[in-house]
Each structure stands twice: as C-alpha cells, then as structure tokens.
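Letter by letter, the chains look like this.
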Amino acid sequence: MSLQTYVLEDDQWVSRTVTAEELLRENSTARRKMGRQSLSKPPTYGLLTKTVIESPIIRWVLPVQLRSARYNDVALIGDNCVQICELGPDRQLKDVIRKKDFGSRIRNAVVMGSPQYPRKANECNEDGTHVKTEDSDTEMADMNAAISGSRSEISRLPPQLLVLMLEKGDLVFLFLRQGSDRHWAFVSSTHKVPGERLVSPGWHMAIDPSSNFLVIGCAEKLFIVYQLESMYNLQYQYLQGSILQPIKDWEARHVIGVIHKIEFLHPTHGNESHVILMIIMVQPDVSRLAVYEWDCTDSNEWKMSLREEKPGHRLDDEYRMPLLVVPLKVRNAFLIITESITATCSDVLRGPPEFVKFELANCDNTQLHHGMGDPLWTAWTRPIRHPPYHYRKDVIYLAREDGLINFLECGDEFEIETSVSMGSVDCNIDTAFASLFHLFGDILVTGGDSGPGAVWNVSARQSPQRIGSIPNWSPTVDFIVTTEGTLDESSEGSSSDIGKMTLCQPGKVFACSGRGITGAITQLRYGIQARIGLDLTYSANVKQCWALSNYKGNIEDGFLLLLALPNGSSVLHLSRDLSEASEKDPDATPYDLTSTTLTAQDANDAAVQVTPNYITVSTPLGCSQNSTSEILRDYNATVADAAIDGEIIALAIYSGSDFKIALLRVDGLEVSLQRSFDVEGEVTCLAIGKFRGKTVVLTGLYEDKDPILAIYSTELEQETPAPPVLLKLLPSPTSLSHELKTDSTGLVPFGALTSIVYFDERSDKIVVVAGTKFGDVLTIQLDQSQPGAAEIYRDKFNVSQSRVYSGAAAGDPNSVLVCSDTELAVMTNYASLREGRFEEIYSVWPTDGDRPSMASPPINSVASLREQLPELGDSTMVMISGPRIMITDLQRQPKPVPRYFPVGGTPAKILYSKRLGALVTVVSKDGLPSLHFLDPEIGQDLSQPLERKKPGENYTYHDVEYITGLGKMETRAVSLATWTYRDGNVRGDWIVLALRRKENEGLLLIISAERDKESAVTNAARPVRFWTKFDRKIKDGPIWSVATDEFGIFLCVGFVIQYHQIEGGKFKITRSHELPSPASWMEVVNGHLHALTTNHSLIILDYKREFSDDGEQMVQLHTDEICRNSLHGIEIGTPGLPITLLSDPMCGIHGLWAPEEEERALSLVFQAELQASVRRFARGYTRAAWGSIKNRPRYGCVRAGLPGSDIVGLTIDGSLQHFSILNEDAWKLLKFIQNLVTSCTATYPQALPDSSSESTSVGPDMEPSLFPRLNTHVDGDVLRTCLDRHTLEGLVSDPRYLQRFRELLKPLDEDGYITSEGTSSDSSCFELAYSILKYYLSPVLS
C-alpha cells in the first residue's frame, strides 16, 4: 500500500510516494523540534575526464605516402585517431606519428592521389628507401625552380593525401611535413560539408581512380560529388604558402531510397578520362542500381550527368543488399558479394547489368567464427602490382570475419580465372584489411573488433606467415586494478610541502578481452615500447656493455660488444645483420678481459677500454695496452671509477685512505698522466661535461652522509688550476618544490650519487642529472655566474639505487634514461622555468612479438648502437638484463603497450586476490564456464580445481576438470567477488561466484581457495587449490548482481535484493527490499547498501535498522527523482562528501550527491558525456612510482578516495578514461579555457592559434555556466590540444579574456606565481596556467 503526496523541499513542492511502512516509522519516531531547520546543500563541483588509452579498434588500414615517395607508409585509422606507420625493410611496422585531436569521431576515410612505388630493388636511395621517378615529378621539380622566393625552404607535397570524413561534418585533408628539428608534423586542410540537415554525411565515401572526384553519401536520399584540384595545382598552392584548397567544386544529388553502396568503377585502359559512378539504392521491396558517367576533361559534363534522372536497373532479390562491392580494373566490372552469393557484374554501361556467379574455394568455417549463421565476407584489398599488369588483369584478396582469406584473379576476357584459398589467419577481420607494398611479396595487415590484429607475409603459392602484431584488447567486459603499498597524506600545504607520504608501488591494470580462442587477460600498460630483435643469454650476469668497432677485422663483417662482468670482461662478435653472434677468444682481442670494465668509448676511429688494471686503445693502425699502475706511478692505487670524453680520461683512485682524481690524455696509442689531485670524501661516480665553456670533471662525492657534486677543471695549461666548485646536495623546501618528509627527521636525504649525466647548457645555466643510492633522480641547474647557486628538482623512482644514462644512447640527446630497481624509464621534455625539470617521464617496456605474454625483463644497463649500425636508425640500442643481452628498437612516441595472457576462451569476469597473489577469472570455453587463477607476473595458470567430499569424519579432495556448479551449458557468470566473513570466532576468506542458468534461475557458489604448500616442480609457482564450499540454487529469478559485507551476501534476484546470512550452518534470507528494476551494481558504503538499478538510477538502503514487525525489510534512505538507465557505479567521495559516480548506456556520466538528511532525494552535482559508454569503474594506484608520489590534490582537485589513488573507467570500445573532481574555482578556470578552445576551433577548424598570433575572433561569452549540468563537464582531451600546441597566449589575447583569465587564476595560485597586488607579468600567469594543465593532464598509467 502506498500514498501519493506532496512535500516541501528546497523551497519547492515535489511529489513523493510514501509507503505504509514509512508512515508507521514516522509515527514511532520522536517528535521533531519546532521551527525551520537548515538543510545541507549539494556542493558545486565539476568533472574532468581525459582519455588515458584510446580505443584499440582499427576501422581502416590504408597504404598512403603522406611524406614522400621515399617512405612506404600506412595509416591505421580508428574511431578517433590516425596512426601513421612505416613498413621497414625488415617487414615490421614502425610508428611515425599519431593524431587524435579531431574533436569528433571519424566516419570514413579514403586516399587521394597515386602512389609511387619502385619496380625493382635497385630503385632505392642509399638509405634503403624506395624512390620511383614519374613524369609528374619532373613537372614538380620545374615548378620548384620556377617559383623562387615564395618560401624560405621550398618543399614538395607528398604523392598522396589522406581524406577523412568526421561526424561533425568536416572533410579533412592530411599530409605530413618535416620541420627543422627533423620531426614530422601533420598539415591539415578542412572543408565544411554544406547542409545542417543531412543524415550522416560520409556514411559512404569513395574517390575515383584518377583522384579528380570524391563522393560522399548520406545514409539516405542524398549524395554529394566533389570535383578535386589536381595534385599539380595543389603543389602550386603549397609552394605559394597558402592553405590547401583541394575542393574545386561540388554538386549534390537527391535519390529515392536508402543509399546502400556507392563506388567509382574503373575505366578501361586507354580511356582514363572516363568517370563511372555506381550507386545501389534500397527502396521498399526493391533495390536499384544507377550509373552516372562523364568525361573528366569536360568541365561541365559531370554536373549535367548528375542532374539527369537515373531510375536505375532493378536488382534481383538475391543481389538486393550486397555485403561488398569490389570495383575491378577490367571491363568496367565489379564483384558483388552477398551472404550466400559471389558474382561478377559487367555491362553496366550498356543496359541491365549481367551477373555471373562463381564459387570461392574452401569456405569452411574456422575456429574464430562466433555465431549461429555462416561467417560473412567483410573486407577486400588489391595487392600492389606494376601498373601495366592491370591493363588486362586484376587481383583481389577477399577476407572473411573468421580469418579466411581468398585470392581472386580476374581477366578482361573471362570472369574469374583463379580462386585460391590462402588459408586462415588466427585473428578476426573486420573492415581493417590492406595489402602493403614490398619488393619480394605481399604484406597483409589484418584487424578486427575482437582480439589483436596482425601483419602477414604472403609469398608465392604459400599461406600467410605472421610477422608482426597489432594490439587490440577489445571487446572488454571487465577490468581491475591491483594495488600494492599505501600512501598516507597528512598535510595540506602548498606545493613545497607534499606532506607525509610513503612511496607506493603502482598497481597493474588487467582486463578481460577478446572472444573465443583469441580471449585473453590483457595487462594495460602505457609508455615507450622497445621491440626486441636479437635476444641472447650469456653464461654470467652482465653489469654493463659497450658497442665497439672491430678495428682488428673487417668492419663490414660486424662489430663487438664489450661486456663488463662481476669479475672480468668478455667480448662478443655480432654480424651487421644480427644473424650471428659468437664469443671472441681472449687471445684474439686486444682488450683486457681479466678484470671488469669500468668504462669504454668508440669515437674518432679509436676504441678505448678502462679497467682497474689497464687502459686499452684500439685503432685501425694498431692497439696498445697500458698499465694503470705504471701510468699513475702508484702500484698501490685502486681505480674505483672512470669516465671518458674524447681524448680525456678521468680516473677515481683509491690509495690508502684517500681518494684522488687523475686526468689522463690519449694521443694515438699513447696514454699519459696530465695531473692528479686529492679530493675530500669518497668518490662515488664520475662524468665529463662543460662549465663556463670549458671541459670539467663532474664528480659525485659522499662526505659526512651528505652527497656533494664537485666540478673540477681539466685545463692542463694552467699552472694553478681553478678552485673546484663544491655543491652540497641537501633537500630543502626552498630548493625542492615537491619534497618528501620522514616521520620525524624532516626532509628525506638524497643519498650518495651513483651516476651523473651532463645534460645541456641553457640560459647561462648548465643542467646536470644524477642518480642516487636511494632511488632519487636529481635534476640540477647551476648558474655559471654564481656557481654556488643551484636549483634542484627531485623525482622519486624507487627505494633502491637509480642510475642515469644519456638519452643519446637512444638517439635523443634531449632525454635521459633511468634504470631504477631494475626498471627502465625515459625522462624528456626538459623545461627551465621556476624549477628546471623533465615534464614527461615514461616507462620503457621491452617486448617480443613472438611472446605476447612475456614480462618486460628488468633492465640494469643500456648502450647505443648508433655508430655501429647506422642503417637501423638512432633508436637501436642494447639493453642488459642480468645474463640477457637484447638488441632493441626504441619507439619514439609513448603509446599503449599491452601484454596478453591467453586463456583459450572468452573471459567474462576478473578480480585480484591479494591474499592469494593471483588473478581470478571466469572463462567460457565452448559455452562451458570455468574458474582460473593466473600469476599476474608471468601469466601462468595456477588453477587446481578440486571436488570436496566427506565420506566419513574428514573431507577428501579429488582433482577434477570443473568444480561443483561449473562446466555446464547454458550457464553464464554474472558477478565475481571476494567475501571476507567475520562473525565472532568464525572467519573466512572466500570467493563468491553468481551465475545465471536458463532464464529465471540463478546459482550461488561460495568457493574456498588456498595456495598449495609446495610445488611439484622446483622453482615453479605454487598452484592454487580451490573447491566449492557451498552452492545454492536460486529459483526466485535470475541473479543480477552481488555485494558482500562481513556478515553476509547481498543478491539482487529479479527485482528483489536479498541479504543472505549464515545461521546454523545454513544460509538464510534475513533482509530484503523490492526494487523498481534490477540492480546492475551493488556495494556496501559506510554501512549502507548502494544499489544501482538498470532503469531507476541509484537507491541507498539502510539494511541494519529494524522498523517493521518482522524486521525483514530494509530502509530506503535516498533515491533519485529522475529515472536514469545505469551500467556501473563507484563511490568517489569521503564520508563527509558522499558522491557516487555512475555510467549509463548512452555514454553519460552522472555524479549524484547524497544529503545528510534521510529521505531527501539525491542531487545531480555534475554530468558528462563521453564518446563511449563506461562499462566498469575501478580505483587504484595506476601511476608509476614517480607519478604517484606527486599525486595529491592540488589546484582545486578534490580528493576522490584514498590519497594517491585514481579513478578510471573502461569503456565498451576498450578505451580507458580517467576522472578528476574539480572544486568550483578549478572548474571555472578549466571550463573557461575549454570554451575558448572550442570556440576557436569552430572558427578556425583544426588550427589553434599559437602564442604569436593576433587576437582571435571568438564567441562573446566564454563564462562557464553551471546549467545545464552538462556544462560541469571539462573535456581533458580538448585541454590537451591547448597544452600540446602551447596556445593559451593566443586564446586570451583579447583584453577582455585576459583580464578574466587572470581573475580565475588567482584562487588557484598555490605557488605564488601571481602577487597579491595583481602586478605580476602575463608570463607568470601563463606559467601558472600551464602548470595547472600539466597537473591535470599528467600520465595516469604506467
């Protein structure tokens, strides 16, 4: 029984349904005090979202030469981004550049222009790239010579442009241009598609073979044909310095019906000016095929042709809705492929089309097929052949969704001359399918929406061979974050006082991905990928290595690797193609192998090795081995460390109880002592750099538990050397902006220096980077005019020692490599502002394409191969991991680097058990669910399922394939959770698995699991023994969700929440509550049950209070007045700030605040809209150690859970999103910047102003507004474009916006950038604003 009534809330009357139980409870409560009571008010917050990882789904793979004919490039195009890769001589795809700031989803893509590929292997440059000279190239060259003075540096357009159709109605033309820094950048030109009422323009898109016309088709009734400028005219525009205008003219055409397919057909050989446009229209009960044709040399004929009425030819029902239409290069024909028929269609210009059916060879289903019907043909590609080949023939690869590939050959006299099954590839294929050019075979790239894609080599008369992988972890249905360590913060000071914190190890992110045999548990990682080529294992651990030229042999035969071992050295010989490796005999090498190598150098046709006993010099003219004792004239001296730079060698010598530094010079094969001097303290490391324009020795000293950076002159001409510069490295709040404190002794000391890298000289300051014993990396700026003045910035990497190496080893001298706790990271993007520091730090992940589940090995040393293997590029380097020696190719740009644990089925649910140290997942194999325990480090399956029986007084356990309740058809996992049961002396740590059986029946399993005490295999991980402790059939309805507390289990069965507790050894329902719709997610928060319903938003229940006679009902505390469809939720607030974040199926995010007063409705605090629905939320320490230590609320960021933790969400398309709560001040500033950016891009599409541009014409009102609530959403991806392009100065160049910009910055000025009087410079304001953007957009995943 219920009553409808009205109540006064927030000064307005709202309707409310009151149940009889609520009326009884009101009568039983004490009479409230008279008078008006103040009600709690919802806070004013905003929500910032940013994309951590883009969706991995690739929609199109298009071979396109966007740079020049020298490069064999390919575009991998997803929903929101474009990745350009280069196919190298080794047939591997190497990342070039990525673009993801389109601000809209990509709807379609084509390539404009003709490629220029070589015909023979000798048509290559010296660098191995391919060049084909065409007649048009000569014309372009003549144009370059004719146009002079128009640009300081004349460059040419590439052979092709990439054309994208965006959902917001923009046509974007892209190509790449190389800047003065040798880096590639996108150049874009945008054309707005006319008409605001068009239905999905660009749903269909095609370009004619001559690239003179482009057609975009709407979903129905209309298509638009664009006449394009020739590449010659575009080249002229480009040389003039103008923005490209590829669109010459356009014409729209209305049709009757839904446009199903639209394609340009190929003209016959010798009639290339003939343009043929074919369109298939679906009308009620009939489909029609219409053809428009014209001569492209006539400037008006194409418009006249489009204006003619074309009723089209009626198609038979079996051809009515084809899956694919493939234009052929012969006979103006095309292939038409339906679900059951493959046929050729010709004679479309003479009358009704003629269809000739043919059969495809070997079309049996593969194991990758999902579904009840036959698999569908999804994509096609044309392999690249010499143009004359296509005068009389055409070849096509057809791909099916389950991985089957068929090869077709068509002639100009016969229909299908050859149909050959190429076999199947072990990945699903969607629309991403292409053939790339290679001189010695076809290269196929395949991708789908289920599991990773791949790169395949196709040799003549052979099945495709996998040669590379393309990451894809979609579809994703569940994920978790494993969290290790704690981070306790007790201070809320400024940025110079981070409070009391403890370094926490980052958790790992694992997701259920893929389907069927491609199913896997995927670890999501982000950083710099290092692809392992050669992987060797030496007989002993290697400390360091150096690559040296083989001056005693033929340099073309290979090079040497000098290995520093714990008690000696060794030399390996490697061939230039890395196909052979052998250890050199000690007698066959000039180097000292009796002691460990301290340092080595290969420069200026001389290789130098320094060991504690000898200094060896090897040149093409000879070699010498010089005793250090004789050079130093001290036979008791011990060489502790060494550094080399050119002809100068610095040695750290320990003699007696004192340390000395000796300076030596190399002259040919001779090594001589120049001078030596005593130093105070222990020398811990050496390096050679520049100071005041002169060469100096940078020395790490350790004296009285304090590290010291000492700078000693190497000037040998002076009788009295300049006094050294001694800088004691002490942490202090004034010198370090982000400092750590211990519990009692104040600032954490740095520890002894372990290594030093001279980085750069900037603005009369030198920059030195040093690693320390306690895991810190110090970035030190020294003022050369005031040597005692230094600015120190600390990055905390770990608790064990950190070693630094120059990024020149990886081909980037503007970066620094860090080995810390056996992990490798790269520090880049140095900024010399108030605090000189590296703004970007990324983990480096070594990967092996043949072993996708391989854990990244711990790296303890790196070395460059740029001098020995210049043909492989600057980024080729050696990485040392214990006894492993790996030749790797370091990628330039950070990106997702996933790791796969194959499970042989479709993973449905996952959790991490800290007690067991294992991942727990439910996998469906052939429709049979099973439970698995995986080692999160190596991916090994630890599962040992058991059946428990009790024949007598004791239980017995037997190995089985499935535990009780699993391994049955028509059973699906609904929820997987842990249950920590506590009731008096009874304690248990169990796993709860809820399943849905048939339609209206559920099954609840309580599972016990424990690690085996010992493993049958030595050094193997101990298996996890598990069995069903309790199983209960739920016949009241299907189970929707599960939650637990210490005393029981909550089940949502149908529309009812049941609270099951153990009484007398049996489960009993002690509480229940009926919901308006089933709960998709439940969680116990602060003693209350939060239930997120599928159709009626969030409901908060008190399940402990008793108010009815039977005491079996729960008390409804809060509910939402708006019926929201919901997917998942997470509590993001603290006990004093209860806010729940929930997602819906329509890509929405909602923040609901629960007031203190009971029975009040939930309030919507913020709302956002993403490009994909969030399927699951999770919280954890996802940042790397150097990021988590700085991850505390600043600049108006509201803490959303445990200090240092982050909230992330996994979307249906596999992208990972991050969520930050903003207070009102932060929201106003960031929303103001976003409004400026979006207004600017609306006025100037794809082009933000830079800092030097004039005032931009933007909308008059950029002020943020709280209503509607979608305005509370700040899109971090939009802010990212502003930060990356450094465009704030241009955005606020208008005085109105600059004044408001300064006002919004003041409340967030925690570091004193802006003075209280407001007299600070604009540069300080921009510096503060960029610091705020960098804070909110910093990397979240390592």
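The rules behind the values
- Chains are numbered independently. Their residues run from 1 in the order of the written sequence.
- With the structure being a predicted model, the display of local features is reserved for residues of pLDDT at least 70 and the display and counting of side-chain atom pairs for 80 or more, all residues being used for whole-chain, interface and lining totals.
- Side-chain measures were taken over the full set of non-hydrogen atoms in the model, leaving aside hydrogen atoms and water.
- Burial here depends on accessible area, computed with a 1.4 Å probe over protein chains only, as a share of the maximum for the residue type. Under 20% is buried, over 50% is exposed, and the range in between is partly exposed.
- Per the convention used, a helix needs a DSSP run of H or I reaching at least four residues, while a strand needs a run of E reaching at least two, with both numbered from the N terminus.
- Polar contacts, as counted here, are pairs of nitrogen or oxygen atoms within 3.5 Å of one another; within protein the pair requires one atom able to donate a hydrogen and one able to accept it, and residues that are adjacent in sequence qualify only if both atoms are side-chain atoms.
- By this definition, two strands are paired if DSSP reports at least two bridges between them.
- Contact between two residues is taken to exist if any of their heavy atoms lie within 4.5 Å; hydrogens are not considered.
- Each axis is a line fitted through C-alpha atoms, taken for helices only over the stretch in contact, and angles between the N-to-C directions span 0 to 180 degrees.
- Oblique is the label for every angle not falling under 35 degrees (roughly parallel), over 145 degrees (roughly antiparallel), or within 65 to 115 degrees (roughly perpendicular).
- Two helices cross in a left-handed way if the nearer one is turned anticlockwise from the farther one by less than a right angle. They cross in a right-handed way if the turn is clockwise.
- Residue-level confidence of the predictor, termed pLDDT, takes values from 0 up to 100.
- Any carboxyl oxygen of Asp or Glu within 4 Å of a side-chain nitrogen of Lys or Arg constitutes a salt bridge here.
- Every helix has an expected span of 1.5 Å times one less than the residues it contains.

A.B. asks: I would appreciate a short explanation of helix α8 (residues 1276-1285) in the present structure.
C.D. replies: In an α-helix, one turn spans 3.6 residues, which is why side chains three or four residues apart end up on the same side. Along α8, the positions that sit buried rather than exposed are Gly 1276, Val 1278, Leu 1279, Thr 1281, Cys 1282 and Leu 1283. If you check the start of α8, you find a side-chain oxygen 2.9 Å away from the backbone N of Asp 1277, and it comes from Asp 1275. His 1286 sits one or two residues past α8 and shows a positive phi near 55°.

A.B. asks: Honestly, the pairing of strand β12 (residues 204-207) in this entry has me stumped. Any pointers?
C.D. replies: Each regular strand displays side chains that alternate between the two surfaces of the sheet. Alternating residues of β12 divide into His 204 and Ala 206 and Met 205 and Ile 207, and every residue in both groups is buried. Of the pairings in the sheet, the one linking β12 to strand β13 (residues 213-217) comprises four bridges and is antiparallel in character. Among the inter-strand pairings, Ile 207 is bridged to a residue of β13, identified as Leu 214.

A.B. asks: Explain the side chain of Thr 344 to me, please; I cannot follow it from the model alone.
C.D. replies: Turning to its location among the elements, Thr 344 is positioned in strand β21 (residues 342-346). In this structure the side chain of Thr 344 is engaged in a polar contact, spanning 2.6 Å, whose partner is the side chain of Glu 415. If sequence neighbours within four positions are ignored, Thr 344 has contacts with Phe 334, Leu 335, Glu 354, Phe 355, Val 356, Phe 358, Glu 415 and Ile 416.

A.B. asks: Is there a simple way to think about the packing of α8 against helix α11 (residues 1322-1336) in this case?
C.D. replies: Two quantities define a packed helix pair, namely the angle between the axes and the distance from one axis to the other. Interaxial distance between α8 and α11 falls to 10 Å at its minimum, and their mutual angle equals 130°. Viewed along their axes, α8 and α11 adopt a mutual orientation that is oblique. Between α8 and α11 lies a crossing whose hand is left-handed. Between α8 and α11, the contacting residues are Leu 1279, Cys 1282 and Leu 1283 on the first element and Tyr 1330, Leu 1333 and Lys 1334 on the second.

A.B. asks: Explain the confidence of the model for the protein here, please?
C.D. replies: Interpreting fine coordinate detail is not advised for predicted regions of low pLDDT. For the protein, the average pLDDT comes to 87, and 88% of its residues sit at 70 or higher. Considering only residues more than four positions removed or in separate chains, one finds that residues 125-154, a stretch of pLDDT under 50, has 51 contacts. Counting interchain partners and residues more than four positions distant, the pLDDT-below-50 stretch residues 485-501 has 48 contacts.

A.B. asks: What should I look at first to understand the pattern of salt bridges in this one?
C.D. replies: When charged atoms on two side chains of opposite charge get close, those side chains can pair. Evaluation of the coordinates by the stated rule reveals 52 salt bridges. Of the charged contacts, one joins Asp 79 and Arg 59 as a salt bridge, the two residues approaching to 2.9 Å between their closest N and O atoms. In this pair, Asp 79 sits in the loop between β5 (73-78) and β6 (82-87) while Arg 59 sits in strand β4 (residues 58-63), placing the two residues 20 residues apart along the sequence. Classification of Asp 79 by relative accessible area gives buried; the value is 9%. Note on Arg 59: relative accessible area 24%, which makes it partly exposed. Between Glu 1063 and Lys 1068 there is a salt bridge whose closest N-O contact spans 3.9 Å. Residue Glu 1063 is classed as partly exposed on the basis of its relative accessible area of 41%. Judged by its relative accessible area of 44%, Lys 1068 falls in the partly exposed class.

A.B. asks: Explanation requested: α11 in the structure shown.
C.D. replies: Between its first and last C-alpha atoms α11 spans 21 Å; for 15 residues at 1.5 Å apiece the expected length is 21 Å, and the two agree. Judged by how many residues are buried, α11 sits mostly within the fold: twelve of 15 residues are covered.

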